[in-house]
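# Descriptive analysis of the structure
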Amino acid sequence: MQIEYKRVTKLFSGCGVASLLGVLSYEAYRTYAALTSLVDTRVLDIDRKRPDYIYIKHHIYRQSLREQAASEENRHRLMTAIVQPFEKWWKALKHSVAWRLLRIAQQGDQAERLKAVQQLAQIDHLKDWDFQHLAQLCDYQTAISLARCHSDTRWFLPPHQYGVLLSMREVLGEMKSLLELLAPHKCAVYALEQTFGSSGHIREPDGDEVTYQMSPSRFEYDQLKQSLSALVHLTGLMGEEGKENCRRIIESGGLLQLIEVEKLFQHDIDMKLLVSRVVANLSALEGRGYEFFASGWLHILARWKRDVDMRIQVTADLTLENLDQDDPNGFRYAPKVYPLHPRGRQQAKPAVDVVFIHGLLGGVFVTWRQKDLKPQAASLLVSTVSPPQTTPTTVTIAATTTKRAPYPRGHRAWSAKSSSFEEPRDEEAEEGIASYEDELLTFQESTTPKRRDPSISDTETKELIEALQQEEPLGSDWSVVYPDVPKAGDEAPAGTSSSSGDAFSVAGDQWLQEPLDAGQRSFCWPMEWLPKDFPNIRVIGLNYDSSLSQWSATGCPCEKYDGKLEKRASEFLEKLATSNVGQDRPIIWVGHSMGGLLVKSIMVQALESSDPRVRRIAENSKVVMFLGTPHRGSSVAKLKQHTSALVWPSTEVRELEENSTQLLHLNKTFLRAVDHLGPRKPEIISLCEGRPTVLTSFKVPIHVVPESSARIDAGDFYLTSEDHLNLSKPICRQSFLYQRLVGAIQAAIREQKGTEPQEELKSHVTPQAHVFARRNTSGAASSALSGLYTQLKQFEQLMNVFI
């Protein structure tokens with residue numbers, strides 16, 4: 001025990017001594033470091049050799065650098081002799097070609113300018129600073145031409161201070177100043193009172209914080225939207241009033257103020273639509289291209305041509321075509337006349353004008369949509385035809401539908417009137433047609449074939465086809481008949497039978513190879529489908545505002561007139577004449593519901609006009625297609641006395657009353673005027689709804705236009721299986737409605753050219769047969785050929801630039 005105590009004592013003593021030595025060493029090191037920092041020891045280093053500096057002159061140093069660079073150049077002399085001249089030549093060639101083409105586009109004659117602009121639009125390989133330089137040298141007419149040719153957006157200088165944003169209240173004040181500038185007009189005074197109140201100042205939200213939930217910013221947003229809606233109306237007036245309003249806005253700098261709105265609401269589709277419509281109306285004033293160029297609007301319009309929303313695209317195309325004064329095949333379009341095709345410069349005038357007019361509460365992008373069926377209602381009829389003695393067998397094949405992408409809600413106009421850019425009514429959504437907030441109005445204009453699923457994509461359809469093949473092999477004579485084939489028809493195209501539907505069916509083998517366009521629903525089938533079959537026609541959509549009740553109708557003073565149908569037809573007649581419709585080409589009219597009545601009134605007034613330009617619109621009308629047109633009125637519009645007092649129907653609804661004297665007189669006058677045309681009498685095609693329409697407001701099925709009212713006692717009449725709302729919405733390009741219209745266009749072109757029917761049919765069918773033959777080729781071979789073809793096209797475009 002004692003021995004262990006001594007060991008522990010020695011261990012602790014050794015640790016204490018080691019710790020003491022460590023502390024003393026650390027303190028000695030700190031003391032030495034402190035002294036070293038205070039005393040400069042370099043003074044004691046006397047024998048150390050210091051560096052010597054040689055000072056040379058600057059020009060000698062530069063001479064040495066040049067010699068060094070020369071030696072490096074000699075080292076790579078062979079490579080430099082080959083690459084450097086070619087690189088300099090290539091850069092100079094690219095710049096000189098662009099500048100030379102730009103000079104030709106500005107100073108050459110019309111043919112040279114058109115060709116130079118076409119070549120300039122293909123240039124996309126220059127640097128940003130090259131495009132900036134060229135954009136500064138570009139004049140306004142060349143810039144407008146480049147914008148119409150889908151050229152690079154770097155060709156256009158952005159507006160001045162485009163990145164600086166004003167507050168919403170400042171922008172609202174500028175819009176208020178534009179309305180005050182137009183205040184002598186009664187509609188402007190009314191808009192100021194409705195938007196800003198009788199005081200004329202920008203108001204604050206009324207009410208206390210408890211009862212009023214709208215924030216000041218939201219209140220100003222609504223005021224701004226109402227102001228823009230008023231400007232749309234004021235700039236779209238017919239005659240000298242509208243021109244004077246447009247002139248005042250442009251000369252007071254209104255284009256710059258509208259840019260401030262566009263900058264603030266670039267991602268708000270409602271505001272963009274309103275601004276685009278105001279700008280389109282301003283472009284109808286002739287000789288104002290420089291103002292649009294100087295303000296920077298060409299940069300915005302060129303960007304809008306690539307917008308995802310087709311409504312913005314169409315409005316931008318309309319604006320640029322109105323500004324373009326150098327296009328020999330161009331036209332000028334009045335407000336509410338929308339050119340759906342062509343969407344750029346063309347090599348020749350169109351062969352046929354196809355004009356679409358929607359009905360009550362419709363619109364260009366509402367009425368003419370592709371039908372989107374509910375799953376339980378989507379079906380196809382497959383007919384297997386045996387020998388002539390047997391009866392065809394019919395079975396049902398279920399189709400598939402897809403859900404649409406979300407889309408912002410449409411705007412409400414300052415006058416509470418409906419427009420073509422607003423969302424569809426609930427009764428349309430009830431029939432399986434999604435409203436604007438459930439989808440995106442995209443437009444796909446792709447010429448390259450894409451791999452898609454075949455039309456038989458669901459398991460039930462495949463099993464049905466396999467069962468049919470096992471029971472009785474399907475030969476080459478089986479066909480697919482779509483549900484919108486008419487139930488009955490008084491007359492049919494020559495050599496066909498409309499009741500059987502054979503003329504408007506698709507061969508079974510062809511249907512198996514036909515790709516399914518389930519993911520590419522068309523929001524405006526005249527704009528997307530017709531150009532694929534007839535690239536050399538012009539498609540026009542007319543738009544007008546309407547309402548069901550006076551409670552929701554516009555209170556604008558200039559809209560309070562009697563006989564809206566006749567007044568609207570007169571306005572459209574003047575606008576169509578301004579757009580050169582039917583002057584040297586046939587016209588095909590397609591009117592849905594009330595739109596058919598407008599067609600009749602337009603033709604009657606045109607034949608009664610003393611102006612030869614206006615008379616030619618009726619004389620060149622070759623086809624009139626009525627879709628559910630109430631020639632003798634509709635029973636829905638005839639309300640009881642106490643209901644009328646409560647609902648207060650609008651003028652449009654009162655004009656559509658059953659057995660209305662005005663409608664009966666219009667129908668009689670139209671038939672008599674058409675008969676007087678003699679050999680030039682247009683072909684009349686009528687389609688009637690075959691099943692009632694379920695209206696959301698009543699929840700009861702109603703025949704909006706019965707068969708007795710849809711019959712016009714002239715031409716072909718078809719009783720379809722569609723309701724009133726879906727009568728203008730074909731399922732696909734093989735639908736009866738579309739194929740009947742295609743046949744009418746073919747006949748008009750054939751009559752215009754004087755060709756034989758066999759030649760026209762052959763020219764129309766051959767490309768389609770070629771497409772199906774190409775689809776049956778192997779995937780590897782077609783892919784390789786497609787890649788080679790793409791490379792050859794790119795090389796051809798590059799050579800065209802340099803030639």
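I will try to describe carefully the structure that is included in this document.

Rules of the game
Here, residues in each chain are numbered from 1, in the same order as that chain's written sequence. Totals for whole chains, interfaces and linings use every residue, but because this is a predicted model, local features are given only for residues with pLDDT of at least 70 and side-chain atom pairs only at 80 or more, for both listing and counting. Computation of side-chain values: all heavy atoms of the structure, hydrogens and water removed. Helix and strand definitions here come from DSSP, where helices need a minimum of 4 consecutive H or I residues and strands a minimum of 2 consecutive E residues; each element is numbered from the N-terminal end. Burial here depends on accessible area, computed with a 1.4 Å probe over protein chains only, as a share of the maximum for the residue type. Under 20% is buried, over 50% is exposed, and the range in between is partly exposed. Contacts are residue-level and defined by heavy atoms, with any inter-residue pair within 4.5 Å sufficient. Any residue with relative accessible area above 30% and no salt bridge may belong to a patch, with like charges joined within 9 Å and the nonpolar Val, Leu, Ile, Met, Phe, Trp and Tyr side chains within 5 Å. Per-residue and other accessible areas were derived by the Shrake-Rupley procedure at a 1.4 Å probe size, with only the shown protein chains allowed to occlude residues. Here a salt bridge means any side-chain nitrogen of Lys or Arg lying within 4 Å of a carboxyl oxygen belonging to Asp or Glu. Following DSSP output, two strands are said to pair if at least two bridges run between them. To define a nonpolar core, start from buried Ala, Val, Leu, Ile, Met, Phe, Trp, Tyr and Cys residues and group those joined through side-chain atoms within 4.5 Å.

## Focus on the side chain of Ser728
The topology assignment puts Ser728 in the loop between strand S14 (716–719) and helix H29 (736–753). Of the residues examined, Ser728 reaches a relative accessible area of 0% and is grouped as buried. In this structure Ser728 touches Thr367, Trp368, Arg369, Trp525, His592, Leu627 and Leu737, once residues within four positions along its chain are discounted.

## Brief notes about a nonpolar patch on the surface
Where nonpolar side chains cluster on the molecular surface, the patch consists of Val17, Leu20, Leu21 and Leu24 and spans about 400 Å² of accessible area. The residue Leu20 is located in helix H1 (residues 2–38) in this model.

## Topic: the pairing of strand S8 (residues 538–542)
Remark: a regular strand shows side chains that alternate across the two faces of the sheet. Counting buried positions over the five residues of S8 gives five, a clear majority of the element. Here strand S1 (residues 337–341) runs beside S8; their pairing, made up of four bridges, is antiparallel. Directly across from Val337, in S8, lies its bridge partner Leu542. Alignment of strand S2 (residues 353–357) against S8, held across five bridges, turns out to be parallel.

## Some points on the pairing of strand S9 (residues 587–592)
Burial runs high along S9: six of the six residues are buried. Of the two faces of S9, the one holding Ile587, Trp589 and Gly591 and the one holding Ile588, Val590 and His592 are both buried throughout. Where S2 and S9 come together, five bridges link them in parallel fashion. Bridge pairing in S9 places Phe356 opposite Val590. Where S9 meets strand S10 (residues 621–627), six bridges bridge the pair, whose relative direction is parallel. Paired with Val590 across the two strands is Met625, which belongs to S10.

## Concerning the nonpolar core
Residues Leu340, Phe356, Ile357, Phe365, Leu530, Trp589 and Leu741 are the most contacted members of the largest nonpolar core, which totals 82 residues. Sequence-distant contacts of Leu340, defined by excluding residues within four places in its chain, comprise Val314, Val364, Phe365, Cys524, Pro526, Met527, Val539 and Gly541.

## Some details on unusual backbone geometry
In this chain, His341 is followed by Pro342 through a cis amide linkage whose omega measures 0 degrees. With respect to the helices, strands and loops of the structure, Pro342 is situated in the loop between S1 and S2. A positive phi is found at Asn580, a non-glycine position, where the angle reads about 60 degrees. One can find Asn580 in the loop between helix H22 (564–578) and S9. Of note in this structure, Asn659 is not a glycine but carries a positive phi near 55 degrees. Take Asn659: it is sitting in the loop between helix H26 (651–655) and helix H27 (661–675).

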